[in-house]
Amino acid sequence: MRDNIAIDGPAGAGKSTVARQLAKRLGYLYIDTGAMYRALTWKALKEGTKVTDEAALVDLARNTSLEFKEVAPGEVSVYCDGEDVTRLIRSPEVSRHVSTVAAWPRVREEMVKLQRDLAARRKVVMDGRDIGTHVLPEANHKFFLTASLEERARRRWQELIAQGNKFSLEEIKREIEERDRRDSQRIVAPLRPAPDAVIIDTSNLTPEEVTEHILKTIRKNC
Ligand code: CDP
Ligand code: CDP
């Protein structure tokens with residue numbers, strides 16, 4: 001599992017955009033671990049499972065099938081119980097509740113098991129919050145992407161506006177700030193860089209520049 005690439009960082013830092021580009025360039029499978037927590041949250045909201053009930057969420061996780069299907073190099077669709085939920089799990093309602101679901105230790109155990117199984121089958125670029133510290137601590141290549149809160153909120157806001165949603169930049173900023181706080185302060189596997197991660201501030205970089213920087217770093221270390 002050593003060749004895998006771990007990419008962590010807060011919301012809007014550019015992890016998934018860059019992870020997709022890397023997967024495409026290297027022929028690795030892209031695994032978006034946030035999508036797994038999002039899919040479980042989506043199902044919990046749909047079925048009326050309380051996001052504050054750890055035991056019920058663990059039960060739900062054990063009775064849910066989560067799959068990634070590669071539709072093109074670097075492009076992956078997420079399936080929950082056979083249904084394509086790739087778009088549905090990006091809703092603002094899921095975004096508001098996902099960090100509460102992801103804070104439960106036993107829910108995380110279930111997700112981490114799946115993540116490690118996926119990484120054992122094929123070389124992966126995996127992005128999330130705890131990949132370098134907890135899910136794939138033995139990965140040779142670890143990156144922690146970050147950017148100012150303003151820039152990250154602006155990026156997310158632009159995406160939502162382009163999709164026809166009407167949120168103010170302030171609302172998005174508050175949601176991201178709250179999620180970052182929950183993700184950084186939880187007891188199990190909080191958001192933080194692994195000691196051996198390369199930290200990249202992407203505030204003033206394009207996704208292509210970040211990808212090139214990562215590829216150069218990987219080549220140098222091989
Ligand atoms: O794309 P965005 O940065 O908005 O978030 P995401 O990667 O889809 O992750 C959604 C949420 O799932 C995060 O805010 C965390 O609460 C949780 N998450 C986690 O706890 N651990 C991971 N490895 C990935 C996501
Ligand atoms: O996965 P994460 O939440 O870290 O961020 P993302 O969903 O990959 O990126 C959020 C948005 O910022 C996307 O629309 C990107 O095109 C844009 N962006 C970026 O990802 N990286 C940059 N260096 C600049 C912009």
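Residues numbered from 1 in each chain as written. Chains lettered and ligands numbered in written order. Predicted model: local features only at pLDDT ≥ 70, side-chain atom pairs only at ≥ 80, totals over all residues. Heavy atoms only, no water.

An unreviewed UniProt entry lists the protein chain under the name Cytidylate kinase, from Thermanaeromonas toyohensis ToBE. A UniProt comment under Subcellular location (unreviewed entry) is attached to the protein chain, and it reads "Cytoplasm". Regarding the protein chain, the UniProt comment filed under Sequence similarities (unreviewed entry) reads as follows: "Belongs to the cytidylate kinase family. Type 1 subfamily." (UniProt positions renumbered as here; feature names shortened; annotations may be inferred.)

Would you mind showing me how to read the overall build of the protein chain here?
For the protein chain, the helix and strand inventory stands at nine helices and eight strands. On C-alpha atoms alone, the protein chain measures out to a radius of gyration of 16 Å, which is about the 17 Å that the 2.2 N^0.38 rule sets for 222 residues. If you line up the protein chain on its principal axes, its C-alpha atoms span 50 × 40 × 35 Å. Residue burial in the protein chain is summarised as follows: out of 222 residues, 48% are buried. Entry remark: accessible area of the protein chain is about 11,000 Å², with carbon and sulfur atoms responsible for 50%. (Helix = DSSP H or I, 4+ residues; strand = E, 2+ residues; numbered from the N terminus. Rg over C-alpha atoms; globule rule 2.2 N^0.38 Å. Buried < 20%, exposed > 50% of the residue type's maximum accessible area, 1.4 Å probe, protein only. Areas by Shrake-Rupley, 256 points an atom, 1.4 Å probe, with all protein chains shown as cover.)

What exactly am I supposed to notice about the site of ligand 2 here?
Residues in close proximity to ligand 2 total 15 residues, the closest being Gly12, Lys15, Thr17, Glu159 and Leu205. One nitrogen or oxygen atom from the main chain of Leu205 is found 2.6 Å from a nitrogen atom belonging to ligand 2. Contacts to ligand 2 include Pro207, whose backbone N or O atom sits 3.5 Å from a nitrogen atom. Taking 530 Å² as the accessible area of ligand 2 by itself, protein coverage stands at 81%. Elements with a minimum of two residues in the shell around ligand 2: helix H1 (15-26) and helix H7 (149-162). Residue composition of the shell around ligand 2, grouped by class: five nonpolar, six polar and four charged. (Near = heavy atom within 4 Å. Polar contact = N/O pair within 3.5 Å; in protein donor to acceptor, adjacent residues only side chain to side chain. Nonpolar A, V, L, I, M, F, W, Y, C, P; charged D, E, K, R; others polar.)

Looking at this structure, I do not really get the site of ligand 1. What am I missing?
In the region of ligand 1, 20 residues are neighbours, and Arg38, Arg108, Arg156, Arg179 and Asp183 sit closest. Separating a nitrogen atom of ligand 1 from a backbone N or O atom of Arg129 is a distance of 3.1 Å. Burial of ligand 1 by the surrounding chains reaches 98%, relative to a free accessible area of 530 Å². Contributions of two or more residues to the shell around ligand 1 are made by helix H2 (33-47), helix H4 (92-101) and helix H8 (169-185). The leading source of residues in the shell around ligand 1 is H2, at four residues. A breakdown of the residues in the shell around ligand 1 according to their chemical character gives five nonpolar, five polar and ten charged.

In this structure, what is going on with the pairing of strand E4 (residues 75-80)? I would like to understand it.
For a regular strand, side chains alternate in direction, first toward one face of the sheet and then toward the other. Along E4, five of the six residues are buried, which leaves the element largely enclosed by surrounding structure. In this structure, strand E3 (residues 66-72) lies alongside E4, joined through six bridges in antiparallel fashion. Across the sheet, residue Lys69 finds its bridge partner in E4, namely Ser77. A loop of two residues connects E3 with E4, the two strands running antiparallel in sequence, and Gly74 in this loop sits at a positive phi of about 80°. The pairing of E4 with strand E5 (residues 83-84) spans two bridges and is classified as antiparallel. Of the residues in E5, the one forming a bridge with Tyr79 is Asp84. Connecting the antiparallel pair E4 and E5 is a turn made up of two residues, with Asp81 showing a positive phi of about 50°. (Pairing = 2+ DSSP bridges.)

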